[in-house]
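The primary structure of each chain is shown beneath.
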Amino acid sequence: MSGRTTALTPPADARPPVRHPEAPAPGEVIGAHYDNCFGCGGGVPHGLHLEVRAGEGVRVTAEFRVREAHQGAPGLAHGGVLATALDETLGSLNWLTRVIAVTGRLETDYVLPVPVDTVLHLDAEVSAVHGRKIYCTATGRIGGPEGPVAVRADAVFIEVKLEHFVNNGRPAEIKAVLSDPDQLKVVRAFEVNP
Ligand SMILES: CCCCCCCCCCCC(=O)SCCNC(=O)CCNC(=O)[C@H](O)C(C)(C)COP(=O)(O)OP(=O)(O)OC[C@H]1O[C@@H](n2cnc3c(N)ncnc32)[C@H](O)[C@@H]1OP(=O)(O)O
């Protein structure tokens, strides 16, 4: 038995992911999608401040330095924070497909404890797409991109329209985003490249 649930296994007729022709070039830093995002935003003092780079194909890499604010056990990263790092890295794959998708299911394996000050080297890729479902995986390694795996995740993201955020987000933040030219650039990247 593989240990993976059916919901995380692409069906037989799933197709390979397609990299959008205007995806950021391999090596290019993918900026924060929202300044107040706990995963990538620069405006959240105790956030993860994840820096994500586009990779080849439909793949991204990211680095996350575990800080004191991220502890669970003394001197060790909180498991929920590590899941957030995996989730955010997986969410950044949106920028390579130019499809907006949100986490539907995220299954995380914790393999090694991760001490404060560790730089976690994350790597995520889309494995398959079936309708609105995007199947993807991520790993976080300690010490370097080839270091030992500390955490890994399998996930299904579900494609949504921009209305998902407009209709469900708190009105004050939605209004602020829609009146911010930098944020609108992010939104338009998806609107003009459906
Ligand atoms: C401007 C840029 C900003 C871009 C901003 C990007 C931010 C990224 C941030 C990091 C990522 C996050 O944390 S995102 C935040 C955390 N996630 C969320 O808040 C999502 C909350 N959940 C929802 O809103 C909803 O449940 C959805 C949208 C996921 C699905 O609802 P729906 O749209 O009604 O879809 P539904 O018809 O039920 O299902 C469609 C298909 O998906 C499958 N499906 C649905 N849910 C699941 C699931 N949990 N696990 C597996 N599969 C699922 C169904 O079986 C179906 O397959 P079939 O029958 O077609 O085969």
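Residues numbered from 1 in each chain as written. Predicted model: local features only at pLDDT ≥ 70, side-chain atom pairs only at ≥ 80, totals over all residues. Heavy atoms only, no water.

The protein chain is annotated in an unreviewed UniProt entry as Acyl-coenzyme A thioesterase THEM4 from Streptomyces luteireticuli. Here the protein chain is described in UniProt, under the heading Sequence similarities (unreviewed entry), as follows: "Belongs to the THEM4/THEM5 thioesterase family." (UniProt positions renumbered as here; feature names shortened; annotations may be inferred.)

The next subject is the overall build of the protein chain. Looking only at helices and strands, the protein chain has 5 helices and 7 strands in total. Written out in order from the N terminus, the α and β elements of the protein chain read β-β-β-α-α-β-β-β-β-α-α-α. Radius of gyration (C-alpha) of the protein chain: 17 Å, near the 16 Å computed for a compact globule of 194 residues. The buried share of the protein chain, taken over its 194 residues, is 38%. A separation of at least 24 residues holds for 64% of the contacts in the protein chain among residues at least 6 apart in sequence. Summing over all exposed atoms, the protein chain offers an accessible surface of approximately 10,400 Å²; the carbon and sulfur share of this is 55%. (Helix = DSSP H or I, 4+ residues; strand = E, 2+ residues; numbered from the N terminus. Rg over C-alpha atoms; globule rule 2.2 N^0.38 Å. Buried < 20%, exposed > 50% of the residue type's maximum accessible area, 1.4 Å probe, protein only. Contact = heavy atoms within 4.5 Å. Areas by Shrake-Rupley, 256 points an atom, 1.4 Å probe, with all protein chains shown as cover.)

Near the ligand, the surroundings consist of 16 residues, among which Asp-87, Thr-103, Gly-104, Arg-132 and Lys-133 are the closest. With respect to the ligand, the backbone of Thr-103 contributes an N or O atom lying 3.1 Å from a nitrogen atom. Coverage of the ligand by the protein amounts to 55% of the 1,300 Å² it exposes when considered alone. Only helix H2 (94-97), strand S4 (101-110), strand S7 (149-159) and helix H3 (163-168) provide two or more residues apiece to the shell around the ligand. For the shell around the ligand, the element with the highest residue contribution is S4, accounting for 4 residues. (Near = heavy atom within 4 Å. Polar contact = N/O pair within 3.5 Å; in protein donor to acceptor, adjacent residues only side chain to side chain.)

With that settled, consider the state of the cysteines. Throughout the structure, instances matching the rule amount to 0 disulfides. Distance from the sulfur of Cys-40, which forms no disulfide, to the nearest cysteine sulfur (Cys-37) is 3.7 Å. Here Cys-136 is not disulfide-linked; the sulfur of Cys-37 is the nearest cysteine sulfur, at 16 Å. (Disulfide = S-S within 2.5 Å.)

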